[in-house]
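The chain contents come next:
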Amino acid sequence: ASSFARMFVQVCLYFYCKCLWRCLKFVVRKLTGQCELQRICYNTKPGAARTMKIEASLKGSKSKRLQTSVSVHPDAIEKTIDDIMELKRINPDVNPQLGVSLQACLLQIVGYRNLIAEVEKLRREPYDSENPQHEEMLLKLWKCLKPSSPLKARISKQWCEIGFQGDDPKTDFRGMGLLGLYNLVYFAEWDTEIALQVLSDSLHPKYSHLSKAEWEKKKFDKAIGYSFAIVGINITDLAYNLLVSGALKTHFYNVAPEAPTLTHFQQTFCYLMHEFHKFWIEEDPLDIMEFNRVREKFHKRILKQLQNPEMALCPHFAASENLINM
């Protein structure tokens, strides 16, 4: 009985708040002469704050046409803007900037949805050693990370030198499919200096027979000790989860002036790899068994940063530009 009463009260509060909110919106529109979309565009600066408010407003509208506007095809965005202006009885000649602002927001919103679909497709595509393109990308990864050490054979223990678990890397891509390989190749090709440094550090595990005091006394370089490629695939999983959960909207809406692309996602992966590497050193784990703890702590730190609507994980860049200097 108590649970039913509690549920009844919650339902009543929900409908009360919903009705009250609609009434307030109606009153504010009458007082200002502007609809909610106009108020957001005119009073909120471009970026995540504006786009996320526009997205919430459209999704929360009682009009089905407005609700579905966030999932239209990119080619239909201009027509959708015209429909919104007509539905809201807004004169585009009197409010020319509104259409421009709404279009920019919708490009980001629709682009984010499409990016999720593109990333998901790559994640679901398994690595196929019979596919020449897949094999070519894998060999490119080796050449970028080991330019002076030719690969002696396709199946080789040499793969362990860049952080794969066995003599055939294809088995390590099961969880993230081609997405893991795409990200690793992008990191190695476009941010080579950082990638090589991270790889070098990862190959020097701590001497287990030394105590921490002895380690500090001898002033050895910080030695991390983790499998570069495996961690790259794991950070791909982290980036993927940030994307599909919507957490990366803050970042992408702040750095991509229009639709975020796969390149934006890969650049963000590079940033996360670099930051996780530094975070791992700061945490100073005893061994690789602490990886999950450190990863979860790092994940929470990134999530907290992304709660700030002004947050951009890395500086502004265009999809056509090369990786920014981190």
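In this report, the structure presented in the accompanying data block is examined. Just so it is clear, the structure is predicted and the values come from calculations on it, not from any experiment.

Another point: the overall build of the protein. Tallying secondary structure elements over the protein gives 14 helices and zero strands in all. Each helix (α) and strand (β) of the protein, taken in turn from the N terminus, gives the series α-α-α-α-α-α-α-α-α-α-α-α-α-α. Classification of the 326 residues of the protein by burial places 46% in the buried group. With an accessible surface of roughly 18100 Å², the protein has 55% of that area assigned to carbon and sulfur atoms.

This part covers the nonpolar core. Counting 84 residues, the largest nonpolar core has Ile54, Leu141, Leu181, Phe265 and Leu272 as its most contacted members. Summarising the domain contributions, this core has at least three residues from each of domain 1 (34-122) and domain 2 (127-307). In contact with Ile54, not counting residues within four places along its chain, are Leu37, Ile40, Cys41, Leu102, Cys105 and Ile109.

Applying the stated criterion across every chain, the model contains 17 salt bridges. Across the pair Glu120 and Arg123 runs a salt bridge whose closest N-O atoms are separated by 2.8 Å. Placement of both Glu120 and Arg123 in helix 6 (residues 96-124) is noted, with a separation of three residues, approximately one turn of the helix. With a relative accessible area of 15%, Glu120 lands in the buried category. The class of Arg123 is partly exposed, set by a relative accessible area of 21%.

A few words now on the packing of aromatic side chains. Tallied over the full model, the rule gives 15 aromatic pairs. Measuring from ring centre to ring centre gives 5.7 Å for Phe164 and Phe173, while their planes differ by 70°; the resulting arrangement is edge-to-face. Taking 5.9 Å as the distance between ring centres and 45° as the angle between the ring planes, the aromatic pair formed by Trp280 and Phe291 counts as tilted. On the criterion of sequence distance, the pair formed by Trp280 in helix 13 (residues 262-283) and Phe291 in helix 14 (residues 291-306) is long-range, its members being eleven residues apart. Of the two residues, Trp280 and Phe291, both sit in the buried class. Ring pairs connect the aromatic residues Tyr226, Phe276, Phe279, Trp280, Phe291 and Phe298, which therefore count as one cluster.

As a further point, take helix 13. With 22 residues, helix 13 extends 31 Å between its outermost C-alpha atoms, agreeing within 8% with the 32 Å of an ideal straight helix rising 1.5 Å per residue. The buried fraction of helix 13 is high, at 18 of 22 residues.

Between its first and last C-alpha atoms helix 7 (residues 132-145) spans 20 Å; for 14 residues at 1.5 Å apiece the expected length is 20 Å, and the two agree. Burial in helix 7 covers these residues: His134, Glu135, Met137, Leu138, Leu141, Trp142, Cys144 and Leu145. Looking at the buried positions of helix 7, the neighbouring elements they touch are helix 8 (177-190), helix 9 (192-202) and helix 11 (228-244). Its side-chain oxygen 2.9 Å from the backbone nitrogen of Gln133, Asn131 forms the N-cap of helix 7.

Side chain to side chain, Glu120 and Arg123 meet in a polar contact 2.8 Å long. In terms of polar contacts, Glu120 uses its side chain to reach the side chain of Tyr240, at 2.3 Å.

Further remarks concern unusual backbone geometry. In this structure, Arg89 takes a positive phi of about 55° despite not being glycine. Relative to the assigned elements, Arg89 resides in the loop between helix 5 (77-87) and helix 6. The residue Asp284 is not glycine, and still its phi comes out positive at about 50°. Note on placement: Asp284 falls in the loop between helix 13 and helix 14.

Right, let's get into the environment of Asp167. With respect to the helices and strands, the residue Asp167 is situated in the loop between helix 7 and helix 8. When its relative accessible area of 31% is taken as the criterion, Asp167 is described as partly exposed. A C-alpha to C-alpha distance of 5.4 Å links Asp167 and Ile155, two positions twelve residues apart in sequence.

This next bit is on the environment of Leu139. Mapped onto the elements, Leu139 comes out in helix 7. The spacing of Leu139 and Leu151 is twelve residues in sequence and 8.5 Å in space, taken between C-alpha atoms.

A word on the packing of helix 6 against helix 8. Between helix 6 and helix 8, whose axes approach to 3 Å, the crossing angle comes to 105°. The pairing of helix 6 with helix 8 is recorded here as roughly perpendicular in orientation. Between helix 6, through Val119, Leu122 and Arg123, and helix 8, the contact on the second element is made entirely by Gly177, Leu178, Leu179 and Tyr182.

Let's shift gears to the side chain of His264. The residue His264 is located in helix 13 in this model. Among the polar contacts made by the side chain of His264, one reaches the main-chain amide nitrogen of Thr261 at a distance of 2.9 Å.

Looking now at the packing of helix 5 against helix 6. Helix 6 packs onto helix 5 with a crossing angle of 130° between their chain directions and a minimal axis gap of 10 Å. The angle between the axes of helix 5 and helix 6 places the two elements in the oblique class. The two elements helix 5 and helix 6 meet at a crossing, and its hand is right-handed. Facing Ile77, Glu78, Thr80, Ile81, Ile84 and Met85 of helix 5, the residues of helix 6 in contact are Leu98, Gly99, Leu102, Gln103, Leu106, Leu107 and Val110.

What counts as what
Residues numbered from 1 in each chain as written. Predicted model: local features only at pLDDT ≥ 70, side-chain atom pairs only at ≥ 80, totals over all residues. Heavy atoms only, no water. Helix = DSSP H or I, 4+ residues; strand = E, 2+ residues; numbered from the N terminus. Buried < 20%, exposed > 50% of the residue type's maximum accessible area, 1.4 Å probe, protein only. Areas by Shrake-Rupley, 256 points an atom, 1.4 Å probe, with all protein chains shown as cover. Core = buried A, V, L, I, M, F, W, Y, C linked by side-chain atoms within 4.5 Å. Domains from an automatic or database assignment. Contact = heavy atoms within 4.5 Å. Salt bridge = Lys/Arg side-chain N within 4 Å of Asp/Glu carboxyl O. Phe/Tyr/Trp six-rings, centres within 6.5 Å; stacked < 30°, edge-to-face > 60°. Expected span 1.5 Å × (residues − 1). Polar contact = N/O pair within 3.5 Å; in protein donor to acceptor, adjacent residues only side chain to side chain. Axes fitted to C-alpha atoms, helices over the stretch in contact; angles between N-to-C directions. Parallel < 35°, antiparallel > 145°, perpendicular 65-115°, else oblique. Left-handed = near helix turned anticlockwise from the far one by under 90°.

So, to be careful, I would describe these as geometric facts and stop short of saying anything about function.
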